[in-house]
Each structure stands twice: as C-alpha cells, then as structure tokens.
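Here is what each chain is made of, one letter per residue.
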Amino acid sequence: METVGQRIGRCIRSAVPKACRTCFWLLKIILPVSLLVRLLQYSGILAQVSVFLEPAFSFIGLPGETAIIFLTSVFTPLYAPMTLIASMPLTVREVTLIALMCLVSHNLLVECAVQGKTGSSFVGMFALRVVMSFVIAFAVHRIMPYEGYDTIVGSAADTDVCTSLADVFILWLKSSLSITLLCFVIVSALMILHYLLEEFRLLKSLSKAMTPVMMFFGLPRNCSFLWLVGNIVGLSYGSAIMMEQLEANKISRRDGNLLNYHLAISHSQLEDTLIFAAIGAPFLWVMLTRMVFALLVVWIKRLLTRLPRYHYADLPIKK
C-alpha cells in the first residue's frame, strides 16, 4: 500500500510532463506575439492606428489618447497597458473605464487560442471580448458618478524606451526569460494541485461546496474547480488544467464553452484587479463590474441556446 508521500510523488511525476507540454504550446504563441508588438510599437504603427479609434473612445468618456492603451492591451499582458496608464494624467474615473476595457481585452491572441483549445471558437471569443470591452465601458460611463472620482492619478512614469532595433530585441529577450520561468512555475504548480485533488478525492467535495455559486452564475457544477482556477490565476496559466479535463472527458465541450463565456469577461480576479487598484482604479468597481457582466453574458448565452431557431453545435477540440 502506498504511503501519502509516495502518492504525492506519483502526482508530481504525472503532472510535470503535462505542464511542460502546455508551457511549450503557450510559449510558441506568447513569444512571437510579444516580439511583434514591440516591433509595432517601435515602428509607430500602433500609435497611428489608435488615431482612428479616438471618436469611439470619446463616446465612452475617455480621452482619445487612451486608444493606444487599449490597442497595446489587446496584444500584450496587462503590465504594458498598466505602465501606459500610469504615465498619463487620467482621473480615477477614466482609469477605471480603461482598466475595465484592458481587463476584458488583454493578451487576446494567446488567451483566445487557449479558449479555442477548450471548446470555444477563437474568432467568437475574440469578438465577444472586444465588443464587451466597449459595452462595459459605456455602461460604467453612464452610471459611475463624476463626484469623488475626478482626482488625477496618472504621472510621468519611467518606461522602457527603445531607440534602436537592438533595444527592442534586448527588452524582448529579458521579458521572454521572465515569462518562461513564470509560466513553468505557475502551470506546474496548478497541474500538481489538480492531480493531488484528484488523488485524494477532494474535487467532488469542492464541486459540491461550490454548487450554489455555479448555479448563480449559470454554470455546471463540474466546472467549479476550473472556475476557481480561471478567476484566481487567469486563462493562460489555467489552460493546462482546462485542456487536461476536456481531453479526459471530465467536462463536456459544451460545458467548457459555457465556462469560457464567463471567463472571457471575468478571470484573474485577484492579481489583475490588484495591479489596477495599485494605480488608482477602485477595487470594487473593477472586480464586481466584471462579475456582473460575466453573469449576464452566461445567462444570455443560456437563453439563446433555448430559442427554437438557435441550434447549438458542439465545437471540436483542436489537438
């Protein structure tokens, strides 16, 4: 009979190879995309494109120059747009609006690829997140008061300035190294945790405890662990668990797709919310707004699946 230590060791040996394969798949997307974005920023193309978005941003209560923040967010993790926000003289209200847009639409090429591997459509998730960024910003613009949120919080922050292509590649190599290490550590830890919960039969207890929460959000009970993973560490780092459960048929493609509708709007509620709170965005406005709209999106999706002319087709999982 195996001891507890032996069972834990077996879980680790089983989890690490799968985590490494997932990390390799993620890095094949993350590293080229991050280099491309740095080149676009260096060339000035992103700044030129942002000029065309100025009218749309004015309509939702944001100055036109914040368009470059949103465009940067679409292609990169949140630290790049956060740095840009901190370098602009924006009010608390404006920081909240652009923060919500970035929180919903960031790192889309990577995260939508993850969602494409876990039961959803890449194009569908990309469109949903971009559209909902503007819908959420417009809604909050209409209801968030000006009084008490008109303090200027931005400042001239130090940012990495690339004066040559050599600078672009040096900064990219530095960030790539940190991303690779972080990816391996987080994905491995999550995969090991998942195997331990399975080994010691704790997942069923967790699912049962989370049933009221899942019902409230319109999600199946068997998505509870994935919901926790997605809301704590996000889509990129939680992808290993999601793909493993889908490939093992522990949740269906339909359930995975429904969960993705929620996670498209509300994910990484801990780290992402805190980093924007650190630069002036009100914590509750940022966190609760995403939760509310994630709930609405899922229930609207469930309603649409029940309409007579709406035919739901399970999407194949890409391998």
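A quick note: this is a predicted structure, and the numbers were derived from the prediction, not measured.

## Side note on the overall build of the protein chain
Here comes step 1: A count of helical and extended segments in the protein chain gives 16 helices and 0 strands.
Here comes step 2: Going through the 319 residues of the protein chain one by one, you find that 50% of them count as buried.
Here comes step 3: When contacts within the protein chain are restricted to residue pairs at least 6 apart in sequence, long-range pairs at least 24 apart make up 78% of them.
Here comes step 4: If you sum the accessible surface of the protein chain, you get close to 15500 Å²; carbon and sulfur atoms cover 68% of it.
Here comes step 5: For the protein chain, the separation between the mean place of its 26 positive charges and that of its 18 negative charges on side chains is 15 Å.

## A look at the environment of Gly119
Here comes step 1: Mapped onto the fold, Gly119 is located in the loop between helix H7 (108-117) and helix H8 (122-143).
Here comes step 2: C-alpha separation for the pair Gly119 and Ala47, spaced 72 residues apart in sequence, amounts to 35 Å.

## Brief notes about the packing of aromatic side chains
Here comes step 1: Overall, the coordinates contain 8 aromatic pairs when judged by the stated rule.
Here comes step 2: Look at Phe59 and Phe138: their rings are 5.3 Å apart centre to centre, the planes differ by 10°, and that puts the pair in the stacked class. One end of the pair, Phe59, is in helix H3 (residues 54-59); the other, Phe138, is in helix H8, with 79 residues separating them in the sequence.
Here comes step 3: For Phe59, a relative accessible area of 58% corresponds to the exposed category.
Here comes step 4: Phe138 sits in the partly exposed class, given a relative accessible area of 32%.
Here comes step 5: Ring pairing ties together the aromatic residues Phe57, Phe70 and Phe134, which thus form one cluster.
Here comes step 6: Geometry around Tyr146 places Arg93 over its ring, the cationic atom sitting 3.9 Å from the centre.

## Topic: unusual backbone geometry
Keep in mind that most residues, glycine aside, have a negative phi and that most peptide bonds are trans.
Here comes step 1: Phi at Asn107 takes a positive value of approximately 50°, unusual for a residue other than glycine.
Here comes step 2: As for its placement among the helices and strands, Asn107 is situated in the loop between helix H6 (92-104) and H7.
Here comes step 3: Positive phi, normally seen in glycine, also occurs at Ser268, with a value near 50°.
Here comes step 4: Counting through the fold element by element, Ser268 comes out in the loop between helix H14 (253-265) and helix H15 (271-277).

## Structural notes on the confidence of the model for the protein chain
Here comes step 1: Confidence along the protein chain averages 85 in pLDDT terms, with 93% of residues attaining 70 or more.
Here comes step 2: When pLDDT is averaged over each helix and strand of the protein chain, the minimum, 79, is found for helix H10 (residues 203-209) and the maximum, 97, for H8.
Here comes step 3: Confidence drops under pLDDT 50 across residues 309-319; counting only partners more than four residues distant or on other chains, this segment forms 21 contacts.

## Some points on the pattern of salt bridges
Here comes step 1: Scanning all chains against the criterion turns up 6 salt bridges.
Here comes step 2: Of the charged contacts, one joins Arg7 and Glu199 as a salt bridge, the two residues approaching to 2.8 Å between their closest N and O atoms. One end of the pair, Arg7, is in helix H1 (residues 4-43); the other, Glu199, is in helix H9 (residues 165-199), with 192 residues separating them in the sequence.
Here comes step 3: Here Glu111 makes a salt bridge to Arg129, at a shortest N to O gap of 2.7 Å. Remark: Arg129 occurs in helix H8 and Glu111 occurs in helix H7; sequence separation between them is 18 residues.

## Description of helix H13 (residues 235-247)
Here comes step 1: For H13, built from 13 residues, the straight-helix expectation of 18 Å at 1.5 Å per residue is met to within 8% by its first-to-last C-alpha distance of 17 Å.
Here comes step 2: Remark: the principal bend of H13, roughly 30°, maps to Ile241.
Here comes step 3: Those residues of H13 that sit buried are Leu235, Ser236, Tyr237, Gly238, Ser239, Ala240, Ile241, Met242, Met243, Glu244, Gln245 and Leu246.
Here comes step 4: Looking one or two residues beyond H13, the residue adopting positive phi is Asn249, at roughly 60°.

## What about the nonpolar core?
Here comes step 1: Of all hydrophobic cores here, the largest spans 93 residues; its most connected members are Ile98, Ile265 and Phe276.
Here comes step 2: Among the elements that take part in this core, H1 stands out by supplying 13 residues, more than any other.

## Concerning a nonpolar patch on the surface
Here comes step 1: On the surface, a cluster of nonpolar side chains totalling about 560 Å² of accessible area is made up of Ile232, Leu270, Leu274, Phe283, Leu284 and Leu288.
Here comes step 2: With 3 residues, the single largest contributor to the nonpolar patch is helix H16 (residues 283-305).
Here comes step 3: On the accessibility criterion, Leu288 (43% relative accessible area) is partly exposed.

Cut-off values and rules
- Residues numbered from 1 in each chain as written.
- Predicted model: local features only at pLDDT ≥ 70, side-chain atom pairs only at ≥ 80, totals over all residues.
- Heavy atoms only, no water.
- Helix = DSSP H or I, 4+ residues; strand = E, 2+ residues; numbered from the N terminus.
- Buried < 20%, exposed > 50% of the residue type's maximum accessible area, 1.4 Å probe, protein only.
- Contact = heavy atoms within 4.5 Å.
- Areas by Shrake-Rupley, 256 points an atom, 1.4 Å probe, with all protein chains shown as cover.
- Lys, Arg positive; Asp, Glu negative; His and termini not counted.
- Charge placed at Lys NZ, Arg CZ, Asp CG, Glu CD.
- Phe/Tyr/Trp six-rings, centres within 6.5 Å; stacked < 30°, edge-to-face > 60°.
- Lys NZ or Arg CZ within 6 Å of the ring centre and 35° of its normal.
- pLDDT = per-residue confidence, 0-100.
- Salt bridge = Lys/Arg side-chain N within 4 Å of Asp/Glu carboxyl O.
- Expected span 1.5 Å × (residues − 1).
- Bend = angle between axes of the 7 residues up to and from the residue.
- Core = buried A, V, L, I, M, F, W, Y, C linked by side-chain atoms within 4.5 Å.
- Patch = residues over 30% accessible without salt bridge, like charges linked within 9 Å, V, L, I, M, F, W, Y side chains within 5 Å.

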